[in-house]
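Fold and geometry: a report
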Amino acid sequence: MGMAIDSLPNDVEALRAFALQVVAERNGLIVKCEAAIAERDAAVAENARKEEINAQLRQLLRQAMGIDPKSERLARLDPDQLRLALEDLEQASARGEAEEDKREPARAARRPRRNRGHLPAHLPRVHQTIEPESKVCPCCQGTMHVIGEEVSERLDTIPAQYEVIVTHRPKLACRACDAIVQAPASEHLIKSGLPTEATVASVLVAKFAWNLPLFRQAKMMASQGLDIDRSTLAFWVGTAAAELMPLYERLKAHLLASSKLVVDETTVPVLDPGRGKTKTGYFWTMARDDRPWGGNDPPAVVYHYAPGRGAEHMHALLGDYGGIVQCDGYATYKQLAGGNRVTLAFCWSHLRREFFRLAKEGNAPIATEALARIAELYGIEKEIRGTTAAKRRDIRQLRSASRVEAFRLFLEKQLERVSQKSKIAGAIRYGLRHWEGLVRFLDDGRIEMDTNIVERLIRPQVLTRKNCLFAGHDAGGEFWAVLGSLIETCKLQNVEPQAYLTDV
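So, how was this worked out
Residues numbered from 1 in each chain as written. Predicted model: local features only at pLDDT ≥ 70, side-chain atom pairs only at ≥ 80, totals over all residues. Heavy atoms only, no water. Helix = DSSP H or I, 4+ residues; strand = E, 2+ residues; numbered from the N terminus. Buried < 20%, exposed > 50% of the residue type's maximum accessible area, 1.4 Å probe, protein only. Contact = heavy atoms within 4.5 Å. Areas by Shrake-Rupley, 256 points an atom, 1.4 Å probe, with all protein chains shown as cover. Patch = residues over 30% accessible without salt bridge, like charges linked within 9 Å, V, L, I, M, F, W, Y side chains within 5 Å. Salt bridge = Lys/Arg side-chain N within 4 Å of Asp/Glu carboxyl O. Lys, Arg positive; Asp, Glu negative; His and termini not counted. Charge placed at Lys NZ, Arg CZ, Asp CG, Glu CD. Axes fitted to C-alpha atoms, helices over the stretch in contact; angles between N-to-C directions. Parallel < 35°, antiparallel > 145°, perpendicular 65-115°, else oblique. Left-handed = near helix turned anticlockwise from the far one by under 90°. Nonpolar A, V, L, I, M, F, W, Y, C, P; charged D, E, K, R; others polar. Core = buried A, V, L, I, M, F, W, Y, C linked by side-chain atoms within 4.5 Å. Expected span 1.5 Å × (residues − 1). Phe/Tyr/Trp six-rings, centres within 6.5 Å; stacked < 30°, edge-to-face > 60°. Lys NZ or Arg CZ within 6 Å of the ring centre and 35° of its normal. Disulfide = S-S within 2.5 Å. Polar contact = N/O pair within 3.5 Å; in protein donor to acceptor, adjacent residues only side chain to side chain. Pairing = 2+ DSSP bridges.

1. Here we look at the overall build of the chain
Helices and strands together make up the secondary structure of the chain, namely 16 helices and seven strands. Each of the 504 residues in the chain was classed as buried or not, and the buried ones make up 37%. Contacts spanning at least 24 positions in sequence make up 62% of the contacts within the chain whose residues lie at least 6 apart. About 31,800 Å² of surface is accessible on the chain, with carbon and sulfur atoms providing 55% of the total.

See the structure below:
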(Lines give C-alpha, C1' and ligand atoms only; values in the text may rest on other atoms or scores of the structure.)
Protein backbone atom coordinates (compact mmCIF):
# COMPACT_ATOMS: atom_id res chain seq x y z
CA MET A 1 0.00 0.00 0.00
CA GLY A 2 2.41 2.69 -1.16
CA MET A 3 0.16 5.58 -0.03
CA ALA A 4 1.34 8.80 1.68
CA ILE A 5 -0.12 9.69 5.09
CA ASP A 6 -1.45 13.04 3.87
CA SER A 7 -3.35 11.31 1.08
CA LEU A 8 -5.49 9.25 3.43
CA PRO A 9 -9.22 10.12 3.26
CA ASN A 10 -10.60 12.53 5.88
CA ASP A 11 -14.07 11.04 5.84
CA VAL A 12 -14.59 8.49 8.62
CA GLU A 13 -16.55 6.06 6.50
CA ALA A 14 -14.01 6.23 3.67
CA LEU A 15 -11.20 5.75 6.17
CA ARG A 16 -13.00 2.77 7.67
CA ALA A 17 -13.48 1.22 4.22
CA PHE A 18 -9.81 1.79 3.48
CA ALA A 19 -8.81 0.07 6.74
CA LEU A 20 -11.03 -2.91 5.99
CA GLN A 21 -9.43 -3.19 2.56
CA VAL A 22 -5.96 -3.18 4.09
CA VAL A 23 -6.96 -5.89 6.61
CA ALA A 24 -8.48 -8.03 3.87
CA GLU A 25 -5.37 -7.75 1.72
CA ARG A 26 -3.20 -8.57 4.72
CA ASN A 27 -5.30 -11.63 5.54
CA GLY A 28 -5.06 -12.74 1.92
CA LEU A 29 -1.28 -12.43 2.05
CA ILE A 30 -1.21 -14.40 5.29
CA VAL A 31 -3.26 -17.21 3.74
CA LYS A 32 -0.97 -17.28 0.70
CA CYS A 33 2.12 -17.31 2.92
CA GLU A 34 0.70 -20.11 5.05
CA ALA A 35 -0.12 -22.10 1.93
CA ALA A 36 3.38 -21.52 0.55
CA ILE A 37 4.93 -22.55 3.88
CA ALA A 38 2.78 -25.69 3.99
CA GLU A 39 3.75 -26.53 0.42
CA ARG A 40 7.41 -25.90 1.23
CA ASP A 41 7.20 -28.15 4.31
CA ALA A 42 5.50 -30.87 2.26
CA ALA A 43 8.20 -30.59 -0.41
CA VAL A 44 10.93 -30.79 2.24
CA ALA A 45 9.31 -33.87 3.76
CA GLU A 46 8.90 -35.42 0.30
CA ASN A 47 12.53 -34.74 -0.58
CA ALA A 48 13.66 -36.18 2.74
CA ARG A 49 11.61 -39.31 2.15
CA LYS A 50 12.95 -39.68 -1.39
CA GLU A 51 16.50 -39.09 -0.20
CA GLU A 52 16.09 -41.82 2.40
CA ILE A 53 14.82 -44.22 -0.27
CA ASN A 54 17.62 -43.19 -2.64
CA ALA A 55 20.19 -43.77 0.10
CA GLN A 56 18.83 -47.27 0.66
CA LEU A 57 18.83 -47.86 -3.08
CA ARG A 58 22.45 -46.73 -3.39
CA GLN A 59 23.36 -49.05 -0.54
CA LEU A 60 21.70 -51.98 -2.30
CA LEU A 61 23.41 -51.17 -5.57
CA ARG A 62 26.79 -50.92 -3.85
CA GLN A 63 26.22 -54.36 -2.38
CA ALA A 64 25.11 -55.71 -5.75
CA MET A 65 28.29 -54.31 -7.32
CA GLY A 66 30.35 -55.84 -4.55
CA ILE A 67 31.15 -52.95 -2.17
CA ASP A 68 29.89 -52.57 1.38
CA PRO A 69 30.85 -49.00 2.37
CA LYS A 70 30.34 -49.59 6.11
CA SER A 71 32.87 -52.35 6.45
CA GLU A 72 34.94 -51.43 3.38
CA ARG A 73 34.74 -55.10 2.48
CA LEU A 74 33.35 -56.78 -0.56
CA ALA A 75 29.83 -58.06 0.02
CA ARG A 76 27.70 -59.26 -2.85
CA LEU A 77 23.91 -59.26 -2.70
CA ASP A 78 22.01 -62.14 -4.25
CA PRO A 79 20.17 -60.88 -7.39
CA ASP A 80 16.84 -62.26 -6.16
CA GLN A 81 17.31 -60.54 -2.80
CA LEU A 82 18.17 -57.30 -4.60
CA ARG A 83 14.98 -57.48 -6.65
CA LEU A 84 12.90 -58.10 -3.51
CA ALA A 85 14.53 -55.17 -1.74
CA LEU A 86 13.92 -52.88 -4.71
CA GLU A 87 10.28 -53.94 -4.82
CA ASP A 88 9.86 -53.00 -1.15
CA LEU A 89 11.47 -49.59 -1.71
CA GLU A 90 9.27 -48.91 -4.73
CA GLN A 91 6.18 -49.95 -2.77
CA ALA A 92 7.14 -47.62 0.08
CA SER A 93 7.57 -44.74 -2.37
CA ALA A 94 4.21 -45.46 -4.02
CA ARG A 95 2.47 -45.57 -0.65
CA GLY A 96 3.87 -42.15 0.25
CA GLU A 97 2.65 -40.68 -3.03
CA ALA A 98 -0.80 -42.26 -2.61
CA GLU A 99 -1.19 -40.82 0.90
CA GLU A 100 -0.22 -37.35 -0.34
CA ASP A 101 -2.62 -37.63 -3.28
CA LYS A 102 -5.50 -38.30 -0.88
CA ARG A 103 -4.57 -35.33 1.32
CA GLU A 104 -4.16 -32.92 -1.60
CA PRO A 105 -6.09 -34.04 -4.72
CA ALA A 106 -5.34 -30.78 -6.56
CA ARG A 107 -1.62 -31.21 -6.03
CA ALA A 108 -1.88 -34.85 -7.13
CA ALA A 109 -3.29 -33.75 -10.48
CA ARG A 110 -0.18 -31.64 -11.07
CA ARG A 111 2.25 -34.36 -10.06
CA PRO A 112 4.41 -35.53 -13.02
CA ARG A 113 3.80 -39.20 -13.61
CA ARG A 114 6.49 -41.69 -14.51
CA ASN A 115 6.60 -42.97 -18.08
CA ARG A 116 4.29 -45.98 -18.15
CA GLY A 117 5.17 -46.99 -21.70
CA HIS A 118 2.52 -48.14 -24.16
CA LEU A 119 0.13 -51.04 -23.93
CA PRO A 120 0.76 -53.66 -26.67
CA ALA A 121 -1.21 -53.16 -29.87
CA HIS A 122 -2.28 -56.82 -30.06
CA LEU A 123 -4.39 -56.61 -26.90
CA PRO A 124 -8.14 -56.25 -27.56
CA ARG A 125 -9.61 -52.82 -26.81
CA VAL A 126 -12.93 -52.36 -25.01
CA HIS A 127 -14.10 -48.79 -25.60
CA GLN A 128 -16.23 -46.89 -23.12
CA THR A 129 -17.41 -43.28 -23.40
CA ILE A 130 -18.09 -41.01 -20.43
CA GLU A 131 -20.34 -38.13 -21.54
CA PRO A 132 -21.55 -35.08 -19.60
CA GLU A 133 -24.91 -35.50 -17.92
CA SER A 134 -26.45 -32.92 -20.26
CA LYS A 135 -25.64 -31.74 -23.79
CA VAL A 136 -27.51 -28.45 -23.23
CA CYS A 137 -25.36 -25.31 -22.96
CA PRO A 138 -25.46 -24.00 -19.38
CA CYS A 139 -25.33 -20.40 -20.69
CA CYS A 140 -27.70 -20.09 -23.65
CA GLN A 141 -29.46 -23.47 -23.41
CA GLY A 142 -28.39 -24.37 -26.96
CA THR A 143 -27.36 -27.86 -28.10
CA MET A 144 -23.63 -28.54 -27.67
CA HIS A 145 -21.50 -30.51 -30.15
CA VAL A 146 -18.27 -32.52 -29.89
CA ILE A 147 -15.10 -30.54 -30.62
CA GLY A 148 -12.59 -33.13 -29.41
CA GLU A 149 -11.92 -35.72 -26.73
CA GLU A 150 -9.33 -37.03 -24.32
CA VAL A 151 -8.43 -40.70 -24.63
CA SER A 152 -6.68 -42.77 -21.95
CA GLU A 153 -5.83 -46.46 -21.78
CA ARG A 154 -5.69 -48.69 -18.70
CA LEU A 155 -4.75 -52.34 -18.43
CA ASP A 156 -7.62 -54.56 -17.31
CA THR A 157 -7.46 -58.21 -16.27
CA ILE A 158 -9.97 -61.00 -16.80
CA PRO A 159 -9.26 -63.77 -14.24
CA ALA A 160 -8.36 -67.13 -15.75
CA GLN A 161 -11.52 -68.97 -16.62
CA TYR A 162 -12.19 -72.42 -17.95
CA GLU A 163 -14.71 -73.36 -20.59
CA VAL A 164 -15.98 -76.65 -21.95
CA ILE A 165 -15.76 -77.28 -25.69
CA VAL A 166 -18.61 -79.57 -26.72
CA THR A 167 -17.97 -81.24 -30.08
CA HIS A 168 -20.91 -82.64 -32.06
CA ARG A 169 -20.37 -85.11 -34.94
CA PRO A 170 -23.71 -85.78 -36.58
CA LYS A 171 -24.24 -89.03 -38.46
CA LEU A 172 -25.82 -88.81 -41.91
CA ALA A 173 -27.74 -91.75 -43.39
CA CYS A 174 -29.09 -92.30 -46.90
CA ARG A 175 -32.80 -93.12 -47.17
CA ALA A 176 -32.28 -95.00 -50.44
CA CYS A 177 -29.54 -97.35 -49.16
CA ASP A 178 -27.72 -98.29 -45.98
CA ALA A 179 -24.85 -95.76 -46.32
CA ILE A 180 -23.91 -93.81 -43.17
CA VAL A 181 -21.42 -90.91 -43.16
CA GLN A 182 -19.81 -89.18 -40.19
CA ALA A 183 -16.86 -86.76 -40.06
CA PRO A 184 -13.80 -88.30 -38.38
CA ALA A 185 -12.94 -87.10 -34.88
CA SER A 186 -10.11 -84.59 -34.74
CA GLU A 187 -6.76 -85.75 -33.41
CA HIS A 188 -6.17 -85.01 -29.72
CA LEU A 189 -2.99 -85.03 -27.66
CA ILE A 190 -4.71 -86.80 -24.75
CA LYS A 191 -6.76 -89.54 -26.37
CA SER A 192 -10.33 -89.58 -25.04
CA GLY A 193 -9.18 -87.21 -22.32
CA LEU A 194 -10.54 -84.04 -20.80
CA PRO A 195 -8.00 -81.37 -21.78
CA THR A 196 -7.57 -79.45 -24.99
CA GLU A 197 -4.03 -78.81 -26.19
CA ALA A 198 -4.25 -75.26 -24.82
CA THR A 199 -5.06 -76.63 -21.35
CA VAL A 200 -2.09 -78.99 -21.43
CA ALA A 201 0.15 -76.16 -22.63
CA SER A 202 -1.01 -73.96 -19.74
CA VAL A 203 -0.05 -76.69 -17.25
CA LEU A 204 3.39 -77.09 -18.86
CA VAL A 205 4.10 -73.37 -18.89
CA ALA A 206 2.86 -72.86 -15.33
CA LYS A 207 5.25 -75.53 -14.07
CA PHE A 208 8.33 -75.10 -16.24
CA ALA A 209 8.20 -71.38 -17.01
CA TRP A 210 6.64 -69.93 -13.85
CA ASN A 211 7.69 -72.61 -11.34
CA LEU A 212 4.24 -73.72 -10.15
CA PRO A 213 4.31 -77.38 -9.01
CA LEU A 214 1.47 -79.60 -10.16
CA PHE A 215 -0.06 -79.97 -6.70
CA ARG A 216 -0.45 -76.17 -6.49
CA GLN A 217 -2.01 -76.08 -9.93
CA ALA A 218 -4.45 -78.79 -8.84
CA LYS A 219 -5.44 -76.61 -5.86
CA MET A 220 -5.91 -73.60 -8.12
CA MET A 221 -8.18 -75.63 -10.39
CA ALA A 222 -10.11 -76.92 -7.39
CA SER A 223 -10.87 -73.32 -6.40
CA GLN A 224 -12.88 -73.10 -9.63
CA GLY A 225 -14.68 -76.37 -9.01
CA LEU A 226 -12.43 -78.55 -11.19
CA ASP A 227 -11.67 -81.83 -9.40
CA ILE A 228 -8.54 -82.80 -11.33
CA ASP A 229 -5.97 -84.78 -9.38
CA ARG A 230 -2.25 -84.00 -9.44
CA SER A 231 -1.57 -87.44 -10.90
CA THR A 232 -3.83 -86.58 -13.84
CA LEU A 233 -1.83 -83.42 -14.47
CA ALA A 234 1.35 -85.49 -14.28
CA PHE A 235 -0.04 -87.81 -16.95
CA TRP A 236 -0.70 -84.81 -19.20
CA VAL A 237 2.87 -83.58 -18.69
CA GLY A 238 4.41 -86.97 -19.48
CA THR A 239 2.30 -87.38 -22.61
CA ALA A 240 3.23 -83.90 -23.83
CA ALA A 241 6.93 -84.49 -23.17
CA ALA A 242 6.85 -87.69 -25.21
CA GLU A 243 5.11 -85.88 -28.06
CA LEU A 244 7.64 -83.03 -27.97
CA MET A 245 10.72 -85.27 -27.87
CA PRO A 246 11.41 -85.10 -31.66
CA LEU A 247 11.30 -81.31 -31.50
CA TYR A 248 13.72 -81.36 -28.57
CA GLU A 249 16.12 -83.60 -30.51
CA ARG A 250 15.89 -81.24 -33.48
CA LEU A 251 16.69 -78.28 -31.25
CA LYS A 252 19.67 -80.16 -29.84
CA ALA A 253 20.97 -80.96 -33.34
CA HIS A 254 20.53 -77.31 -34.31
CA LEU A 255 22.66 -76.16 -31.39
CA LEU A 256 25.36 -78.73 -32.10
CA ALA A 257 25.75 -77.15 -35.54
CA SER A 258 26.77 -73.84 -33.92
CA SER A 259 30.28 -72.41 -34.07
CA LYS A 260 30.31 -71.70 -30.33
CA LEU A 261 28.50 -73.14 -27.31
CA VAL A 262 28.50 -72.30 -23.63
CA VAL A 263 28.09 -75.27 -21.30
CA ASP A 264 27.55 -75.83 -17.59
CA GLU A 265 25.81 -78.23 -15.24
CA THR A 266 23.74 -78.04 -12.07
CA THR A 267 22.32 -80.55 -9.63
CA VAL A 268 18.77 -81.91 -9.70
CA PRO A 269 17.50 -83.85 -6.65
CA VAL A 270 15.74 -87.03 -7.81
CA LEU A 271 13.68 -89.35 -5.64
CA ASP A 272 15.38 -92.69 -5.04
CA PRO A 273 12.58 -95.04 -3.89
CA GLY A 274 14.93 -97.92 -3.08
CA ARG A 275 16.69 -95.88 -0.40
CA GLY A 276 13.74 -93.76 0.69
CA LYS A 277 15.62 -90.52 0.00
CA THR A 278 16.75 -88.39 -2.92
CA LYS A 279 19.80 -88.89 -5.10
CA THR A 280 21.67 -86.28 -7.12
CA GLY A 281 21.01 -85.99 -10.82
CA TYR A 282 22.42 -83.33 -13.12
CA PHE A 283 21.19 -80.94 -15.75
CA TRP A 284 23.93 -80.60 -18.35
CA THR A 285 23.19 -77.38 -20.21
CA MET A 286 24.42 -76.01 -23.51
CA ALA A 287 23.37 -72.60 -24.81
CA ARG A 288 23.96 -70.30 -27.73
CA ASP A 289 23.57 -66.55 -27.69
CA ASP A 290 25.34 -64.70 -30.49
CA ARG A 291 23.53 -61.40 -29.96
CA PRO A 292 26.47 -59.70 -28.18
CA TRP A 293 28.47 -59.85 -31.45
CA GLY A 294 25.59 -59.65 -33.94
CA GLY A 295 25.53 -63.32 -34.99
CA ASN A 296 22.70 -64.55 -37.20
CA ASP A 297 21.79 -67.72 -35.28
CA PRO A 298 18.91 -67.21 -32.83
CA PRO A 299 19.55 -67.82 -29.11
CA ALA A 300 18.61 -71.23 -27.76
CA VAL A 301 19.25 -73.59 -24.86
CA VAL A 302 19.14 -77.35 -24.36
CA TYR A 303 19.06 -79.10 -20.98
CA HIS A 304 20.14 -82.72 -20.82
CA TYR A 305 19.30 -84.77 -17.75
CA ALA A 306 21.87 -87.32 -16.58
CA PRO A 307 22.13 -89.36 -13.37
CA GLY A 308 25.77 -88.32 -12.89
CA ARG A 309 28.52 -85.82 -13.59
CA GLY A 310 31.00 -88.08 -15.34
CA ALA A 311 32.60 -87.57 -18.73
CA GLU A 312 30.25 -90.03 -20.41
CA HIS A 313 27.32 -87.73 -19.70
CA MET A 314 29.16 -84.74 -21.14
CA HIS A 315 29.87 -86.70 -24.31
CA ALA A 316 26.23 -87.77 -24.46
CA LEU A 317 25.33 -84.09 -24.60
CA LEU A 318 28.02 -82.79 -26.97
CA GLY A 319 28.64 -85.92 -29.06
CA ASP A 320 31.08 -85.15 -31.89
CA TYR A 321 30.69 -81.40 -31.60
CA GLY A 322 33.44 -79.34 -33.21
CA GLY A 323 33.81 -75.64 -32.37
CA ILE A 324 34.34 -73.35 -29.42
CA VAL A 325 33.17 -74.58 -26.02
CA GLN A 326 33.13 -72.00 -23.23
CA CYS A 327 32.96 -73.49 -19.75
CA ASP A 328 34.29 -73.39 -16.22
CA GLY A 329 37.41 -75.18 -15.05
CA TYR A 330 35.73 -78.54 -14.32
CA ALA A 331 38.25 -81.24 -15.26
CA THR A 332 35.77 -83.23 -17.37
CA TYR A 333 35.46 -80.39 -19.89
CA LYS A 334 39.20 -80.41 -20.43
CA GLN A 335 38.90 -83.82 -22.06
CA LEU A 336 37.30 -82.05 -25.03
CA ALA A 337 40.58 -80.32 -25.84
CA GLY A 338 42.42 -83.55 -26.68
CA GLY A 339 42.09 -83.15 -30.47
CA ASN A 340 41.64 -80.32 -32.91
CA ARG A 341 37.84 -80.37 -32.99
CA VAL A 342 37.13 -78.34 -29.84
CA THR A 343 38.65 -75.06 -28.66
CA LEU A 344 38.17 -74.43 -24.96
CA ALA A 345 37.55 -70.95 -23.58
CA PHE A 346 37.35 -70.52 -19.82
CA CYS A 347 35.26 -68.20 -17.68
CA TRP A 348 36.55 -65.03 -16.01
CA SER A 349 33.51 -64.93 -13.75
CA HIS A 350 34.65 -68.16 -12.09
CA LEU A 351 38.13 -66.71 -11.61
CA ARG A 352 36.62 -63.57 -10.14
CA ARG A 353 34.64 -65.64 -7.61
CA GLU A 354 37.87 -67.16 -6.30
CA PHE A 355 39.11 -63.68 -5.36
CA PHE A 356 35.69 -62.49 -4.28
CA ARG A 357 35.37 -65.19 -1.61
CA LEU A 358 38.69 -64.12 -0.12
CA ALA A 359 37.90 -60.40 -0.26
CA LYS A 360 34.58 -61.02 1.44
CA GLU A 361 36.26 -62.74 4.39
CA GLY A 362 38.30 -59.73 5.44
CA ASN A 363 41.36 -57.63 4.66
CA ALA A 364 42.63 -59.10 1.38
CA PRO A 365 44.52 -56.45 -0.65
CA ILE A 366 45.70 -58.88 -3.33
CA ALA A 367 42.20 -60.19 -3.94
CA THR A 368 40.78 -56.66 -3.94
CA GLU A 369 43.38 -55.51 -6.47
CA ALA A 370 42.62 -58.55 -8.65
CA LEU A 371 38.91 -57.72 -8.60
CA ALA A 372 39.61 -54.12 -9.60
CA ARG A 373 41.72 -55.24 -12.57
CA ILE A 374 39.06 -57.70 -13.71
CA ALA A 375 36.44 -54.96 -13.38
CA GLU A 376 38.41 -52.83 -15.88
CA LEU A 377 38.17 -55.63 -18.45
CA TYR A 378 34.44 -55.96 -17.89
CA GLY A 379 34.09 -52.20 -18.36
CA ILE A 380 35.60 -52.50 -21.83
CA GLU A 381 33.33 -55.44 -22.63
CA LYS A 382 30.28 -53.38 -21.70
CA GLU A 383 31.30 -50.68 -24.18
CA ILE A 384 31.73 -53.06 -27.13
CA ARG A 385 28.73 -55.31 -26.52
CA GLY A 386 26.56 -55.43 -29.63
CA THR A 387 29.32 -54.58 -32.11
CA THR A 388 30.68 -57.01 -34.71
CA ALA A 389 33.04 -59.82 -33.81
CA ALA A 390 35.82 -58.18 -35.81
CA LYS A 391 35.44 -54.85 -34.03
CA ARG A 392 35.31 -56.55 -30.65
CA ARG A 393 38.55 -58.36 -31.42
CA ASP A 394 40.26 -55.15 -32.57
CA ILE A 395 39.28 -53.20 -29.46
CA ARG A 396 40.27 -56.07 -27.20
CA GLN A 397 43.69 -56.22 -28.83
CA LEU A 398 44.04 -52.45 -28.47
CA ARG A 399 42.75 -51.96 -24.93
CA SER A 400 42.31 -55.29 -23.12
CA ALA A 401 45.38 -57.29 -24.18
CA SER A 402 47.86 -55.08 -22.33
CA ARG A 403 45.71 -55.12 -19.19
CA VAL A 404 45.41 -58.90 -19.34
CA GLU A 405 49.18 -59.29 -19.66
CA ALA A 406 49.77 -56.88 -16.78
CA PHE A 407 47.30 -58.90 -14.72
CA ARG A 408 49.20 -62.11 -15.44
CA LEU A 409 52.48 -60.50 -14.32
CA PHE A 410 50.71 -59.23 -11.19
CA LEU A 411 49.47 -62.74 -10.35
CA GLU A 412 52.88 -64.32 -10.90
CA LYS A 413 54.57 -61.70 -8.71
CA GLN A 414 52.05 -62.11 -5.89
CA LEU A 415 52.32 -65.90 -6.04
CA GLU A 416 56.02 -65.60 -5.21
CA ARG A 417 55.23 -63.47 -2.15
CA VAL A 418 52.44 -65.43 -0.47
CA SER A 419 52.43 -68.75 1.34
CA GLN A 420 51.94 -71.55 -1.18
CA LYS A 421 49.40 -73.18 1.14
CA SER A 422 47.28 -70.04 1.52
CA LYS A 423 43.86 -69.56 -0.04
CA ILE A 424 45.07 -66.62 -2.12
CA ALA A 425 47.80 -68.79 -3.60
CA GLY A 426 45.15 -71.33 -4.59
CA ALA A 427 43.08 -68.63 -6.29
CA ILE A 428 46.12 -67.33 -8.17
CA ARG A 429 47.12 -70.83 -9.28
CA TYR A 430 43.57 -71.42 -10.54
CA GLY A 431 43.90 -68.41 -12.80
CA LEU A 432 47.38 -69.23 -14.08
CA ARG A 433 46.49 -72.88 -14.61
CA HIS A 434 43.58 -71.88 -16.88
CA TRP A 435 45.30 -68.90 -18.43
CA GLU A 436 45.38 -70.15 -22.02
CA GLY A 437 41.61 -70.60 -22.04
CA LEU A 438 40.98 -67.38 -20.14
CA VAL A 439 42.78 -65.17 -22.67
CA ARG A 440 41.19 -66.83 -25.70
CA PHE A 441 38.54 -64.11 -25.87
CA LEU A 442 41.23 -61.62 -26.92
CA ASP A 443 41.72 -63.31 -30.29
CA ASP A 444 38.09 -64.11 -31.14
CA GLY A 445 35.30 -61.55 -30.98
CA ARG A 446 32.68 -64.28 -30.78
CA ILE A 447 33.85 -65.40 -27.36
CA GLU A 448 32.50 -63.75 -24.22
CA MET A 449 34.55 -63.25 -21.10
CA ASP A 450 32.33 -65.54 -19.06
CA THR A 451 29.64 -68.21 -19.10
CA ASN A 452 26.98 -65.94 -17.63
CA ILE A 453 24.53 -66.67 -20.44
CA VAL A 454 24.27 -70.34 -19.49
CA GLU A 455 24.24 -69.52 -15.77
CA ARG A 456 21.28 -67.20 -16.32
CA LEU A 457 19.50 -69.98 -18.18
CA ILE A 458 20.15 -72.45 -15.37
CA ARG A 459 18.53 -70.10 -12.85
CA PRO A 460 14.90 -70.78 -13.96
CA GLN A 461 15.48 -74.50 -13.43
CA VAL A 462 16.93 -73.76 -10.00
CA LEU A 463 13.73 -71.88 -9.13
CA THR A 464 11.64 -74.80 -10.38
CA ARG A 465 13.83 -77.10 -8.28
CA LYS A 466 13.21 -74.97 -5.17
CA ASN A 467 9.46 -75.07 -5.68
CA CYS A 468 9.17 -78.72 -6.70
CA LEU A 469 11.85 -79.95 -4.24
CA PHE A 470 12.85 -82.92 -6.43
CA ALA A 471 12.06 -84.91 -9.54
CA GLY A 472 10.13 -88.06 -8.78
CA HIS A 473 12.05 -90.29 -11.19
CA ASP A 474 14.92 -90.23 -13.71
CA ALA A 475 12.26 -90.12 -16.43
CA GLY A 476 10.81 -87.06 -14.68
CA GLY A 477 14.22 -85.41 -14.96
CA GLU A 478 14.28 -86.18 -18.68
CA PHE A 479 10.80 -84.72 -19.19
CA TRP A 480 11.86 -81.67 -17.20
CA ALA A 481 14.86 -81.21 -19.51
CA VAL A 482 12.75 -81.53 -22.68
CA LEU A 483 10.07 -79.07 -21.62
CA GLY A 484 12.49 -76.66 -19.97
CA SER A 485 14.57 -76.52 -23.17
CA LEU A 486 11.64 -75.60 -25.40
CA ILE A 487 10.08 -73.13 -22.99
CA GLU A 488 13.31 -71.28 -22.15
CA THR A 489 14.21 -71.10 -25.85
CA CYS A 490 10.80 -69.50 -26.45
CA LYS A 491 11.53 -66.94 -23.75
CA LEU A 492 14.97 -66.22 -25.21
CA GLN A 493 13.36 -65.42 -28.56
CA ASN A 494 10.46 -63.40 -27.11
CA VAL A 495 7.93 -66.05 -28.15
CA GLU A 496 4.98 -66.55 -25.81
CA PRO A 497 5.54 -70.17 -24.69
CA GLN A 498 1.91 -71.14 -24.12
CA ALA A 499 0.83 -69.97 -27.59
CA TYR A 500 3.82 -71.78 -29.09
CA LEU A 501 3.19 -75.10 -27.32
CA THR A 502 -0.53 -74.94 -28.04
CA ASP A 503 0.22 -74.50 -31.73
CA VAL A 504 2.79 -77.31 -31.73
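On we go.
2. Things to note about a positive patch on the surface
A cluster of basic residues, K382, R385, R456 and R459, forms a positive patch at the surface. The class of R456 is partly exposed, set by a relative accessible area of 47%.

3. Details of the packing of helix α5 (residues 214–222) against helix α6 (residues 230–256)
Axis angle and axis distance: for two packed helices, these are the angle between their axes and the distance between the axes, and together they describe the pair. Axis separation between α5 and α6 bottoms out at 9 Å; the angle between their running directions is 120 degrees. As far as their axial angle goes, α6 and α5 are oblique. Crossing of α5 over α6 shows right-handed handedness. Taking contact as the criterion, the partners of L214, F215, Q217, A218 and M221 in α5 are, on α6, R230, L233, A234 and V237. The class makeup of the residues in the contact of α5 with α6 is seven nonpolar, one polar and one charged.

4. Notes on the nonpolar core
Ranked by internal contacts, the top residues of the largest apolar core, which has 93 residues, are L318, W348, F355 and F407. With nine residues, the single largest contributor to this core is α6. Beyond its immediate stretch of four places on either side in the chain, F355 contacts A367, A370, L371, I374, F407, L411, I424, A427 and I428.

5. Considerations on helix α9 (residues 348–361)
For α9, with 14 residues, the first-to-last C-alpha span of 21 Å sits near the 20 Å given by 1.5 Å per residue. Where α9 is concerned, the buried positions are W348, S349, H350, L351, F355, F356, L358 and A359.

6. Focus on the side chain of E488
Among the structural elements, E488 can be located in helix α15 (residues 474–492). The exposure class of E488 is buried, given its relative accessible area of 3%. Here E488 is in contact with F208, V301, Y303, L457, P460 and Q461, once residues within four sequence places are set aside.

7. Here's the deal with the pattern of salt bridges
Here the structure, examined in full by the defined rule, presents 17 salt bridges. One salt bridge in this structure joins R396 and E381, with 2.7 Å as the shortest N-O distance. Note that R396 is positioned in helix α11 (residues 389–417) and E381 in helix α10 (residues 365–384), a separation of 15 residues in sequence. The same class applies to R396 and to E381, which are both buried. The salt bridge involving E448 is made with R392; its shortest N-O contact spans 2.4 Å.

8. Some thoughts on the packing of aromatic side chains
Given two aromatic rings, their pairing is described by the distance between the two centres and the angle made by the two planes. Taken as a whole, this structure holds 10 aromatic pairs when the rule is applied. Seen from their ring centres, F407 and W435 are 6.2 Å apart, and the 45 degrees between their planes marks the pair as tilted. Note that F407 is positioned in helix α11 and W435 in helix α13 (residues 435–438), a separation of 28 residues in sequence. Like W435, F407 is buried. Across from the ring centre of Y330, 3.7 Å away, lies the NZ or CZ of R309, which sits over that ring.

9. Brief notes about the state of the cysteines
A full pass over the atoms with the stated rule returns zero disulfides. A disulfide-free cysteine, C140 has its sulfur positioned 3.8 Å from the sulfur of C137, the nearest such atom.

10. Here's the deal with the side chain of E265
With respect to the element layout, E265 can be found in strand β3 (residues 260–272). Judged by relative accessible area, which is 10%, E265 ranks as buried. In this structure the side chain of E265 is engaged in a polar contact, spanning 2.6 Å, whose partner is the side chain of R309. If sequence neighbours within four positions are ignored, E265 has contacts with Y282, F283, W284, R309, D328, Y330, Y333 and I458.

11. Observations concerning unusual backbone geometry
Of note in the backbone geometry, N211 takes a positive phi value of approximately 65 degrees without being a glycine. With respect to the helices and strands, N211 occurs in the loop between α4 (197–208) and α5. One non-glycine residue, N494, lies in the positive phi region at around 55 degrees. By secondary structure assignment, the location of N494 is in the loop between α15 and α16 (497–503).

12. What about the pairing of strand β6 (residues 323–327)?
Along β6, five of the five residues are buried, which leaves the element largely enclosed by surrounding structure. Across five bridges, β6 lies against strand β7 (residues 342–346) in parallel orientation. Looking at the pairing, C327 lines up with F346 of β7.

13. Considering the environment of H254
For H254, the position within the fold is in helix α6. Separated by 43 residues in sequence, H254 and D297 have C-alpha atoms that sit 9.7 Å apart.

14. With respect to the environment of R429
Residue placement: R429 occurs in helix α12 (residues 423–433). In this structure the C-alpha to C-alpha distance between R429 and L415, which are 14 residues apart in sequence, comes to 7.9 Å. Apart from residues lying up to four places away in sequence, R429 is in contact with L415 and Q420. Reaching out from R429, the side chain makes a polar contact with the backbone oxygen of Q420 at a distance of 2.9 Å.

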